[in-house]
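So you can see what is in the structure, the chains are spelled out below.
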Amino acid sequence: MVLTLEWKNGGLLLLDQRLLPNQVSYRECRTWAEVADAIREMVVRGAPAIGIAAAFGVALAAGETGDHGRMVSEIRRAIAGLRSTRPTARNLFWALERMEKTVSSAGSDPTGLPRLLLSEARNILAEDIEINRRIGEFGNEVVPDPARILTHCNAGALATGGFGTALGVIRAAAASGKKVSVIADETRPLFQGARLTAWEMREAGIPVKVITDGAAGFFLARKEADLIIVGADRISANGDTANKIGTYSLAILAQAHQVPFYVAAPTSTIDLSLARGDLIPIEERPAEEVETWAGERIVPTGVPVGNPAFDVTPARLITAIITERGLVRPPFEEGIRRIF
Ligand code: MRU
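Residues numbered from 1 in each chain as written. Predicted model: local features only at pLDDT ≥ 70, side-chain atom pairs only at ≥ 80, totals over all residues. Heavy atoms only, no water.

1. Description of the site of the ligand
Move 1: Ala-47, Arg-86, Asp-233, Asn-243 and Lys-244 are the nearest of the 18 residues found near the ligand.
Move 2: Here an oxygen atom of the ligand and a side-chain polar atom of Gln-192 are 2.9 Å apart.
Move 3: Contact between the ligand and Lys-244: an oxygen atom at 2.7 Å from a side-chain N or O atom of the residue.
Move 4: Out of a free accessible area of 410 Å², the ligand has 99% covered by protein chains.
Move 5: Elements supplying a minimum of two residues to the shell around the ligand: α2 (47-63) and β9 (241-244).
Move 6: Considering only residue class, the shell around the ligand consists of eight nonpolar, six polar and four charged. (Near = heavy atom within 4 Å. Polar contact = N/O pair within 3.5 Å; in protein donor to acceptor, adjacent residues only side chain to side chain. Areas by Shrake-Rupley, 256 points an atom, 1.4 Å probe, with all protein chains shown as cover. Helix = DSSP H or I, 4+ residues; strand = E, 2+ residues; numbered from the N terminus. Nonpolar A, V, L, I, M, F, W, Y, C, P; charged D, E, K, R; others polar.)

2. Details of the packing of aromatic side chains
Move 1: Within this structure, the stated rule accounts for two aromatic pairs.
Move 2: Taking 5.5 Å as the distance between ring centres and 15° as the angle between the ring planes, the aromatic pair formed by Trp-7 and Phe-56 counts as stacked. Here Phe-56 lies in helix α2 and Trp-7 lies in strand β1 (residues 5-8), a separation of 49 residues in the sequence. Here the two residues Trp-7 and Phe-56 agree in accessibility, since each one is buried.
Move 3: A ring pair is formed by Phe-218 and Phe-219, whose centres lie 5.2 Å apart and whose planes are at 80°; its orientation type is edge-to-face.
Move 4: Of the residues examined, Phe-218 reaches a relative accessible area of 43% and is grouped as partly exposed.
Move 5: Here the guanidinium or amino end of Arg-133 rests over the ring plane of Phe-163, the centre of that ring lying 4.6 Å away.
Move 6: It is Lys-244 that lies over the ring of Phe-310; its NZ or CZ is 4.4 Å from the centre. (Phe/Tyr/Trp six-rings, centres within 6.5 Å; stacked < 30°, edge-to-face > 60°. Buried < 20%, exposed > 50% of the residue type's maximum accessible area, 1.4 Å probe, protein only. Lys NZ or Arg CZ within 6 Å of the ring centre and 35° of its normal.)

3. Some thoughts on the packing of helix α5 (residues 113-140) against helix α6 (residues 166-175)
Move 1: Interaxial distance between α5 and α6 falls to 7 Å at its minimum, and their mutual angle equals 65°. As judged from the angle between their axes, α5 and α6 are roughly perpendicular. The handedness of the crossing between α5 and α6 is right-handed. Residues Ile-135, Gly-136, Glu-137, Gly-139 and Asn-140 of α5 touch α6, and the partners they reach there are Gly-168, Val-169, Ala-172 and Ala-173.
Move 2: Class assignment of the residues belonging to the contact of α5 with α6 gives a composition of four nonpolar, four polar and one charged. (Axes fitted to C-alpha atoms, helices over the stretch in contact; angles between N-to-C directions. Parallel < 35°, antiparallel > 145°, perpendicular 65-115°, else oblique. Left-handed = near helix turned anticlockwise from the far one by under 90°. Contact = heavy atoms within 4.5 Å.)

4. So, the side chain of Asp-271
Move 1: Mapped onto the fold, Asp-271 is located in strand β11 (residues 270-271).
Move 2: With a relative accessible area of 5%, Asp-271 lands in the buried category.
Move 3: Within polar-contact distance, the side chain of Asp-271 engages the side chain of Ser-273 at 2.6 Å.
Move 4: Those residues in contact with Asp-271 that sit more than four places away from it in its chain are Arg-90, Arg-234, Ile-235, Ser-236 and Ala-237.

So far we have only geometry, and geometry alone does not tell us how the molecule works.
Shown next, in the form of C-alpha cells:
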C-alpha cells in the first residue's frame, strides 16, 4: 500500500501529493514550521493525514530546542502554528489536542517530552490505520456485489495514515471478493479525484473511471452507480457533514436518483461541540487555484472568483455514517451520541 507519511531518521517524510500522478517523491520535514508549510501548501492533505502530520510536527518542535526551560513554550508555539494551517479538518485539532494533553501530562519536568510526544504521534498514526480497517469492515456490509461506487475527492490511503476511509470501504469490499468498480469525480479545482483517487485505485488493482464533476448527474440518471461513498472533514453533532466542495451537489443528485449516500469517517472527525453544520468553519482557498489551469489563466482578469474548499451536506441527505464503531443511521443526533 502507498506510504503517505513516514517518520524516518528523526524527520517526517511526506509523499508530495501535488506531484501525483506524474511523480512519486517525498519531502522531508525537520522542523514543525516545515510541516505547517507542507499542510498549508497541500503537500499532505486529507483530514486524518493532516492531523497525523501535525502530531509529528509537534514531536519535531520538542527536539528543536536543547534548552529545557524553553522547550514547553516552543512546543506550545508549534501547536498554535500548526492549528492555523487549515481550518476545516476536525482531525487536525483533535490530534493537536492529544499532543497538548501529552505536554500537560509531563508536568513541570520536560526531560522526557521529546520521547513522549514522538510516541504519541506514532500511536496516532498506528491507530488511524487500524481505525480505517474497521471502517472498511463495517462499510463492507452495505456494499452490494457487484457494486459500482461513485466517490468524490480522495478519502483514501493518501488522505490518512493508510488504507483510507471511503476508499478503505472499497478496498475492504474488493478484498472480500466482491466485484467493485469506482467512478471518481475529478474534483475541481485541485483534482484530488482525477490525480489521487484514480492513481490509488489503479495501484490497488481496483477498476476506476474518472468523470468530470458536472457529469455525476448524467451517470446517476443512467443508473451507472449503485451507491456513493465520500469522506468527511468535519461532522457536527447532528450529522451534517463538511467535505470537499461538490459533495453537497452530489448528495442532492443522490437523493434525486434514489442512490444511497454514505459518509465514511473516523469518530475523530466528529465535532460534538458544534450543534449544526452551518457552524463549521469553511476554508476559502486562493483564487489562483480556480483562475488558472495548467499555468494558463482561464478566468478574465478582474473577474472575482469564489473558492471555498468544502461544503456542508445536511444530515437528511445522508443514508448512514460509517465509523470505526459501527454504522450510524438517522436520527443522527441520537446515533452519534450513542457511539460516543
Ligand atoms: O482539501 P483536501 O484535499 O484536504 O480535502 C480532503 C477531503 O475533502 C477528504 O474527503 C476528507 O478530508 C476526508 S479524507 C479521509
